[in-house]
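Inside the fold
Each chain is listed here by its residues.
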Amino acid sequence: MQSIASLNEQYGIDNRIRFQAGPGQFPMAGLANQFGSAVVSVYGGHVLTYQPTDHAPVLWVSDQAQYEQGKAIRGGIPVIWPWFGAHPTDANKPTHGFARKQLWEVVGSRSDGITTAVTLALAPTPFSAEMWSHPFQLELTVTLGAVLDVALKAINLDDNPVTLSAALHSYFTVSDIGQVLIAGLDGARYLDQLDGMVEKTQDGPVMFSAEVDRIYLDTVNRSAEIVDPSLQRAIRVSGRGSNSTVIWNPWTDKAARMADFGNDEFRQMVCVETANADADAVTLDPEASHELATIIEVEPL
Ligand code: BG6
């Protein structure tokens, strides 16, 4: 593991990027500039916090989150790669791939007076090779500016084409899930993961009074906006290189089944995930790359 001292020496930038040990002793990059602040965990290539100047924190992390090798951190922005949900052919493999359960490496940082960015990389490890035999390179660049831009670049280093699905599985803080709505998806088709993947059409904004787990299709030209009157803000989530958007809230029963999720915590969070899920999986030729990005913007209401 890269030491905190060497990370600061190589990639630290005065008043902009500083590394320190976080929970679980995982190295964390703290980014700060005139637009706000963010914390990125080197474990998982995982954005943990984002707070624009003059706004409340935007991302949600469970009080029950576990910071341990081999486990995913519940909250923030887990990197879901190279498969979204269940593995397409092998039910014994864990859901949502392995990238979120790996220690990444810091490979770059920069600050140009406007934006501040850190880049992390992941290459195959013995842990990933047990689940995925294809050579690859992943690069995650987190850029703090007037918006938070999180870009995941996947490069296929295999001699054969490879098909993969992915998501930037962002967890957002809300005042009360029963009081917020998600605008921007009216008329969009979605697969209902709680109803045998039946295709349905969104009518009006998305509202929550029970578990919701949906893959919205053909969302390339749409942004999803979490409208939260109590917090007097709207969080706009847009994508690049993504044609699907996942909306998830576990509600009571699923929350109770998850060891790393407090029973009542579902009220303060919602996931809006920029994704390449289901039919939106991407096939990469040898040496080809694909970028999936999520852009998070906060506006006062
Ligand atoms: C969402 C899925 O993306 O992630 C849900 O649509 C799933 O079905 C949720 O429950 C959380 O998954 P995990 O593996 O982090 O518990």
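Residues numbered from 1 in each chain as written. Predicted model: local features only at pLDDT ≥ 70, side-chain atom pairs only at ≥ 80, totals over all residues. Heavy atoms only, no water.

**As for the pattern of salt bridges**
Inspection of the entire model under this criterion finds 14 salt bridges. A salt bridge links aspartate 176 to arginine 267; its shortest N-O distance comes to 3.1 Å. Here the residue aspartate 176 occupies a position in the loop between strand E12 (171-173) and strand E13 (181-183), and arginine 267 occupies one in the loop between helix H3 (251-257) and strand E20 (269-276), the gap between them amounting to 91 residues. Between glutamate 299 and arginine 236 there is a salt bridge, and its shortest N-O distance comes to 3.2 Å. Here the residue glutamate 299 occupies a position in strand E22 (residues 289-300), and arginine 236 occupies one in strand E18 (residues 233-240), the gap between them amounting to 63 residues. With relative accessibility at 24%, the residue arginine 236 sits in the partly exposed group. Through salt bridges that share partners, Glu225, Arg236, Glu297 and Glu299 make up one connected network. (Salt bridge = Lys/Arg side-chain N within 4 Å of Asp/Glu carboxyl O. Helix = DSSP H or I, 4+ residues; strand = E, 2+ residues; numbered from the N terminus. Buried < 20%, exposed > 50% of the residue type's maximum accessible area, 1.4 Å probe, protein only.)

**What about the site of the ligand?**
Inspection of the region around the ligand gives Arg74, Phe84, Thr95, His96, Arg100, His169, Gln193, Asp213, Val246, Trp248, Lys254 and Glu273 as its neighbouring residues. Between the ligand and the protein, one listed contact pairs an oxygen atom with a side-chain N or O atom of arginine 74 at 3.0 Å. At 2.8 Å from an oxygen atom of the ligand is found a side-chain nitrogen or oxygen belonging to histidine 169. In the complex, 85% of the free accessible area of the ligand, which totals 390 Å², lies under the protein chains. Among the residues forming the shell around the ligand, the class breakdown is 3 nonpolar, 4 polar and 5 charged. (Near = heavy atom within 4 Å. Polar contact = N/O pair within 3.5 Å; in protein donor to acceptor, adjacent residues only side chain to side chain. Areas by Shrake-Rupley, 256 points an atom, 1.4 Å probe, with all protein chains shown as cover. Nonpolar A, V, L, I, M, F, W, Y, C, P; charged D, E, K, R; others polar.)

**As for the sheet that holds strand E3 (residues 36-41)**
Reading across the sheet, the 4 strands line up as E1-E2-E3-E4 and stay open at both edges, with antiparallel pairing between neighbours. Two strands lie at the open edges of the sheet, namely strand E1 (17-21) and strand E4 (46-52), each paired on one side alone. Each neighbouring strand pair of the sheet contributes to a mean axis angle of 15°, computed without reference to strand direction. Here strand E2 (residues 27-33) runs beside E3; their pairing, made up of 6 bridges, is antiparallel. Of the residues in E3, the one forming a bridge with glycine 30 is valine 39. (Pairing = 2+ DSSP bridges. Axes fitted to C-alpha atoms, helices over the stretch in contact; angles between N-to-C directions.)

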